[in-house]
Amino acid sequence: MSDIKLFRILSPGVIELQGQSMALERELQTLMEKNLETLLGLRFLASEYSTGAKHKGRIDTLAIDENRCPVIIEYKRTSNENVINQGLFYLDWLMDHQAEFKFLVMEKFGKETADNIEWSAPRLLCIAGDFTRYDEHAVLQMNRNIELIRYRHYPDGFLILEKVNSASSDASIPSVSITSEAKGNKHVYKTVTQYLESAPEDVKALYQAVEDLLISMGDDVDKKVLKFYVAFKRIKNFACVEVRNQAKSVLVFLKCPITPDTIIEGLTRDVSGIGHFGTGDLEVTIRSKEDIERARRLFEMSYQLN
């Protein structure tokens, strides 16, 4: 059972609010699907999606995340339901039906998003009122992107989502070809992994110092190596990191408000109107260990806000 407690502060003292599961799991599913972007940083694709007569299943919720990774959400309806194995079955189905998923994305969000789906890191989210220690142990044994999320529903419309585990499965990311729509020419871009492998030692040390600080923000932080950046996330991204070997710098994109307090000369800039990989519109350029210390409060702000 979750050890999170919620209290109401009253003038004579405090009272504890008693969390509970929703009476109907369908009610939870409907609430999640209507608010996926706010709650989980996901874009909704389909509900109760049929896997066809051959596989005889229905995926509770299909979505795509802010890193353009496919996402399957399954809701655990009873304490003895083996939702993890069921979700793994659907993950395998997804990888065998990429064209079908891509068509869904294209219908909802257009060709550009569909052409840039991050197939290296599909995710399975299992959401339940509670999980057993056996569920948590089972996930630890699997090298898959499986996230257990516990929810508690409270009076007066409060909902708490708690990440139970830290899941990370980084596939090998090859270099990829991207077609320029304007000229029709293909350009091969290096991946962030390749940039790191070929980086000078001082850039590698700089990146490692940034990673260490972002990971230390909390024990709920996951690192995900994607094609062009490394994402650091809780339930949602709070930092995306790129490596610039020629400039001998590390770029960190944060989800912080753009204010005079966050725009710092020589350190940060607003890139909300500039195309870039990853999420977050505050770009932080790290050229030294001193820059990391100057940016620390911004890292913490983005972590707290996401």
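Residues numbered from 1 in each chain as written. Predicted model: local features only at pLDDT ≥ 70, side-chain atom pairs only at ≥ 80, totals over all residues. Heavy atoms only, no water.

Peer 1: Explain the pattern of salt bridges here, please?
Peer 2: The final tally for this structure, using the stated rule, is 21 salt bridges. With a shortest N-O distance of 3.7 Å, Lys-204 and Glu-201 are connected by a salt bridge. With Lys-204 and Glu-201 both in helix 9 (residues 201–215), this residue pair falls 3 residues apart, about one helical turn. With a relative accessible area of 28%, Lys-204 lands in the partly exposed category. Residue classification places Glu-201 among the exposed residues on the basis of a relative accessible area of 59%. Residues participating in the shared-partner salt-bridge network are Asp-65, Arg-123, Glu-147 and Lys-233. (Salt bridge = Lys/Arg side-chain N within 4 Å of Asp/Glu carboxyl O. Helix = DSSP H or I, 4+ residues; strand = E, 2+ residues; numbered from the N terminus. Buried < 20%, exposed > 50% of the residue type's maximum accessible area, 1.4 Å probe, protein only.)

Peer 1: Any chance you could explain the sheet that holds strand 8 (residues 158–163) here in plain terms?
Peer 2: Pairing between the strands of a sheet is mediated by backbone hydrogen bonds and can be parallel or antiparallel. Spatial strand order, 3-4-5-6-7-8: 6 strands in an open sheet with mixed pairing. Single-partner strands in this sheet number two, and they are strand 3 (42–50) and strand 8. Adjacent strand axes in the sheet meet at a mean angle of 25° when their direction is disregarded. When strand 3 meets strand 4 (residues 58–65), the two strands line up antiparallel, connected through 7 bridges. When the bridges of strand 4 are listed, Ala-46 appears paired with Leu-62. Of the strands in this sheet, strand 3, strand 4, strand 5 (70–75), strand 6 (123–128) and strand 7 (146–154) are in contact with helix 4 (residues 83–96), which crosses strand 5 at around 155°. Across the sheet, helix 5 (residues 98–109) is in contact with strand 3, strand 4 and strand 5; its angle to strand 3 comes to roughly 130°. (Pairing = 2+ DSSP bridges. Axes fitted to C-alpha atoms, helices over the stretch in contact; angles between N-to-C directions. Contact = heavy atoms within 4.5 Å.)

Peer 1: Would you mind showing me how to read the nonpolar core here?
Peer 2: A general trend in soluble globular proteins is that nonpolar side chains are found buried together. Residues Phe-232, Val-252, Leu-254, Ile-286 and Phe-299 are the most contacted members of the largest nonpolar core, which totals 33 residues. Sorting the residues of this core by element identifies helix 8 (192–198), helix 9, strand 12 (230–233), strand 13 (237–244), strand 14 (249–254), strand 16 (282–286) and helix 10 (289–305) as the ones contributing at least two each. In terms of residue count, helix 9 provides more of this core than any other element does, 7 residues in total. When sequence neighbours within four positions are dropped, the list of residues in contact with Phe-299 reads Leu-213, Leu-214, Met-217, Phe-238, Val-252, Leu-254 and Ile-286. (Core = buried A, V, L, I, M, F, W, Y, C linked by side-chain atoms within 4.5 Å.)

Peer 1: Looking at this structure, how should I read the packing of helix 9 against helix 10?
Peer 2: Working note: a packed helix pair is described by the angle between its axes plus the distance between those axes. Contact pair helix 9 / helix 10: the axes reach a minimum separation of 11 Å and the direction vectors enclose 25°. On the basis of their axis angle, the class for helix 9 and helix 10 is roughly parallel. Two packed elements cross with a definite hand, and for helix 9 against helix 10 that hand is right-handed. Across from Ala-205, Leu-206, Ala-209, Val-210, Leu-213 and Leu-214 in helix 9, the residues of helix 10 making contact are Lys-289, Ile-292, Arg-296 and Phe-299. For the contact of helix 9 with helix 10, a count of residues per class yields 8 nonpolar, no polar and 2 charged. (Parallel < 35°, antiparallel > 145°, perpendicular 65-115°, else oblique. Left-handed = near helix turned anticlockwise from the far one by under 90°. Nonpolar A, V, L, I, M, F, W, Y, C, P; charged D, E, K, R; others polar.)

Peer 1: Any chance you could explain the packing of aromatic side chains here in plain terms?
Peer 2: What characterises a pair of aromatic rings is the spacing of the ring centres plus the angle enclosed by the ring planes. Taken as a whole and assessed by the stated rule, the structure comprises 5 aromatic pairs. Centroid distance Phe-89 to Tyr-90: 5.8 Å. Interplanar angle 65°. Geometry classified as edge-to-face. The class for Phe-89 is partly exposed, based on a relative accessible area of 39%. An angle of 85° between the planes, with centres 5.4 Å apart, marks the rings of Phe-238 and Tyr-303 as edge-to-face. (Phe/Tyr/Trp six-rings, centres within 6.5 Å; stacked < 30°, edge-to-face > 60°.)

Peer 1: I keep staring at a nonpolar patch on the surface and nothing clicks. Help me out?
Peer 2: Together, Phe-7, Ile-9 and Val-14 line one region of the surface with nonpolar side chains, adding up to about 340 Å² of accessible area. Counting through the fold element by element, Val-14 comes out in strand 2 (residues 14–17). (Patch = residues over 30% accessible without salt bridge, like charges linked within 9 Å, V, L, I, M, F, W, Y side chains within 5 Å. Areas by Shrake-Rupley, 256 points an atom, 1.4 Å probe, with all protein chains shown as cover.)

Peer 1: What should I look at first to understand the environment of Arg-58 in this one?
Peer 2: As for its placement among the helices and strands, Arg-58 is situated in strand 4. Between the C-alpha atoms of Arg-58 and Glu-48, which are 10 residues apart in sequence, the distance is 5.2 Å. Among residues more than four places away in sequence, those in contact with Arg-58 are Glu-48, Tyr-49, Ser-50, Glu-74 and Tyr-90. A polar side-chain atom of Arg-58 sits 2.8 Å from the main-chain carbonyl oxygen of Glu-48. (Polar contact = N/O pair within 3.5 Å; in protein donor to acceptor, adjacent residues only side chain to side chain.)

Peer 1: Mind showing me how you'd approach the sheet that holds strand 12 here?
Peer 2: Here 6 strands make up an open sheet; going across it, the order is 11-12-13-14-16-15 and the pairing antiparallel. Both outer strands of the open sheet, strand 11 (222–225) and strand 15 (268–270), are each paired with one neighbouring strand and no more. Here the average twist between neighbouring strands, direction ignored, is 20°. Both strand 11 and strand 12 contribute to a ladder of 4 bridges, which runs antiparallel. Within strand 12, the residue paired with Val-225 across the bridge is Val-230. Packing of helix 10 onto the sheet brings it into contact with strand 13, strand 14, strand 15 and strand 16, and relative to strand 16 it is tilted by some 150°.

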